[in-house]
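Next come the chains, spelled out residue by residue.
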Amino acid sequence: MDEQELARPGVFADGPLTEQVFLDIATPPRVELFDDTLFVSPAPNLRHQRLSTRLCALLDGAAAHSGLEVHHSVNLRLRPGLITITDIVVTNDLDRDGLVIDARAVHLVCEITSPHTATIDGVLKMHHYAVAGIPWYLTIDEEGNVLRLHRLTEGSYSIAESGKVVNLVEPIVVTIDAAELLRRR
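Rules used throughout
Residues numbered from 1 in each chain as written. Predicted model: local features only at pLDDT ≥ 70, side-chain atom pairs only at ≥ 80, totals over all residues. Heavy atoms only, no water. Salt bridge = Lys/Arg side-chain N within 4 Å of Asp/Glu carboxyl O. Helix = DSSP H or I, 4+ residues; strand = E, 2+ residues; numbered from the N terminus. Buried < 20%, exposed > 50% of the residue type's maximum accessible area, 1.4 Å probe, protein only. Core = buried A, V, L, I, M, F, W, Y, C linked by side-chain atoms within 4.5 Å. Contact = heavy atoms within 4.5 Å. Pairing = 2+ DSSP bridges. Expected span 1.5 Å × (residues − 1). Polar contact = N/O pair within 3.5 Å; in protein donor to acceptor, adjacent residues only side chain to side chain. Phe/Tyr/Trp six-rings, centres within 6.5 Å; stacked < 30°, edge-to-face > 60°.

## Concerning the pattern of salt bridges
The full count for this structure, using the stated rule, is 11 salt bridges. Across the salt bridge formed by Asp 35 and Arg 79, the nearest N and O atoms sit 2.3 Å from each other. Note that Asp 35 is positioned in the loop between strand E1 (31-34) and strand E2 (37-40) and Arg 79 in strand E3 (residues 69-79), a separation of 44 residues in sequence. The exposure class of Asp 35 is partly exposed, given its relative accessible area of 43%. One salt bridge connects Asp 121 with Lys 125, and the closest N-O pair in it is separated by 4.0 Å. Separated by four residues within a single helix, Asp 121 and Lys 125 lie in helix H4 (residues 118-132), roughly one turn from each other. In this pair, the class of Asp 121 matches that of Lys 125, namely buried.

## Some points on the nonpolar core
In globular proteins that are soluble, nonpolar side chains generally tend to be buried together. Residues Leu 55, Leu 59, Leu 138, Ile 172 and Ile 176 are the most contacted members of the largest nonpolar core, which totals 26 residues. Elements that contribute at least two residues to this core include exactly helix H3 (46-65), strand E4 (82-91), strand E6 (106-113), strand E7 (136-141), strand E8 (146-153), strand E10 (165-168), strand E11 (174-177) and helix H5 (178-181). For this core, the leading source of residues is H3, giving six residues. When neighbours within four sequence positions are excluded, Leu 55 is seen to be in contact with Ile 88, Cys 110, Leu 138, Ile 140, Ile 176 and Leu 181.

## A few points about the pairing of E8
Sheet topology note: the E7/E8 ladder contains six bridges and is antiparallel. In the sheet register, Asp 141 faces E8, and the bridge partner there is Val 146. The hairpin formed by E7 and E8 contains four residues between the paired strands, and Asn 145 there has a positive phi angle of roughly 55°. Relative to strand E9 (residues 156-163), E8 is paired through seven bridges, and the arrangement is antiparallel.

## A few points about H3
With 20 residues, H3 extends 30 Å from end C-alpha to end C-alpha; this agrees with the ideal 28 Å at 1.5 Å per step. Among the residues making up H3, those that are buried are His 48, Leu 51, Ser 52, Arg 54, Leu 55, Cys 56, Leu 59, Ala 62 and Ala 63. Regarding H3, its N-cap is Asn 45, as a side-chain oxygen of that residue lies 3.1 Å from the backbone nitrogen of Arg 47 further along. A positive backbone phi angle near 75° is found at Gly 67, which sits one or two residues after H3.

## Here's the deal with the packing of aromatic side chains
Tallied over the full model, the rule gives two aromatic pairs. Between the aromatic rings of Tyr 129 and Tyr 137, the centroid separation amounts to 5.2 Å while the plane-to-plane angle is 75°, which identifies the pairing as edge-to-face. Tyr 137 carries the same exposure label as Tyr 129, and that label is buried. One aromatic cluster is present, built from ring pairs that chain together Tyr 129, Tyr 137 and Tyr 157.

## Quick look at unusual backbone geometry
Residue Pro 171 is bonded to the preceding Glu 170 through a cis peptide linkage, with omega at -10°. With respect to the secondary-structure elements, Pro 171 resides in the loop between E10 and E11. Positive phi, normally seen in glycine, also occurs at Asp 35, with a value near 50°. Of note, Ser 73 is a non-glycine position whose phi angle comes to about 50°, a positive value. Within the secondary structure layout, Ser 73 lies in strand E3. A relative accessible area of 42% means that Ser 73 is categorised as partly exposed.

Here you go:
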């Protein structure tokens, strides 16, 4: 099967996919590429989406003061053949027409975890984000209201701060309060 045939809707390869073929396929929002294999997960629940929207707005104001940008639900290339969909990233100024953000442009990545994504976000993605050299990783436990800010040190993450309130000082300056993000109003 050649790449032109693969570009037709509903046609998929039997074997490993190249990154370009993956990007050429019209994919739903939660299809990720791990080592040339598609990983499909359902869309996040409404609490997750609301939390992501509020966190994105909070980070966006702080990022503007630092000359950085905030993006949510983006394709993040960690290396060839490995593209995840992040909840939120803080990046340098980027080409806004691109389909993928390269990990080298990312200063902070944020993932909102739930019981069904805890292992993926807290182990698999964390490992790959560290290997890609992303300096900061923020996780938010949507059920326990716990924030964990991880800092990359010597190739792996260590917890820089944890609790219901986290004060970022790099790459942007902002205080994140889990209770405020998760409020019902």
